[in-house]
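Chains, contacts and geometry: an overview
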Amino acid sequence: MENQELLAIKAEEIINKVIERNVRVNDTQIRNFLEAAKKSTNYLELKIFLQYQYARMKELKLFIEETLRFLDETYGRITDYESRKNEIAYLFGLMARYKKFKDEEAREAMRRGH
């Protein structure tokens, strides 16, 4: 798999931005996107699924917009989705884990009174 460091950096960037803007996305929702990436047969299929989720859950707007912006730039023109979909799923996995960590960090800070 290529681009693991780039994907990790992008995962942090996207999650930090949604946290700063109080977007209510949770790790379970992100894991659902991971599964969609694995099951999609091409990039357009995944993109349509993400757009559909945005239409259903407006609160995810920023998360989906930021994610699609990166995915469009990085994977929008690929012709062999099968060889790259594991990278996309990896990105969603990183975002889910990082979001879980940031949520726990915030809960811990609240318990300590910060």
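An account of the accompanying structure is given in this report.

What counts and what doesn't
- Residues numbered from 1 in each chain as written.
- Predicted model: local features only at pLDDT ≥ 70, side-chain atom pairs only at ≥ 80, totals over all residues.
- Heavy atoms only, no water.
- Helix = DSSP H or I, 4+ residues; strand = E, 2+ residues; numbered from the N terminus.
- Expected span 1.5 Å × (residues − 1).
- Buried < 20%, exposed > 50% of the residue type's maximum accessible area, 1.4 Å probe, protein only.
- Contact = heavy atoms within 4.5 Å.
- Phe/Tyr/Trp six-rings, centres within 6.5 Å; stacked < 30°, edge-to-face > 60°.
- Lys NZ or Arg CZ within 6 Å of the ring centre and 35° of its normal.

**Here we look at helix 4 (residues 61-75)**
Look at helix 4: 20 Å from first C-alpha to last across 15 residues, which is about the 21 Å you get at 1.5 Å a residue. Every buried residue belonging to helix 4 is among L62, F63, I64, E66, T67, L68, F70, L71 and Y75, and all of these are buried. In this fold, the buried residues of helix 4 make contact with helix 1 (4-20), helix 2 (27-39), helix 3 (43-56) and helix 5 (81-111).

**Some points on the packing of aromatic side chains**
As enumerated under the stated definition, the model contains four aromatic pairs in all. Residues F33 and F49 carry aromatic rings whose centres are separated by 6.2 Å and whose planes lie at 75° to one another, so their mutual orientation is edge-to-face. Here the residue F33 occupies a position in helix 2, and F49 occupies one in helix 3, the gap between them amounting to 16 residues. Taking the relative accessible area as the measure of exposure, F49 reaches 28% and is therefore partly exposed. An aromatic cluster of three or more residues is present, and its members are F33, F49, F63 and F92. Stacked on the ring of Y54, the Lys or Arg K58 has its end atom at 4.8 Å from the ring centre.

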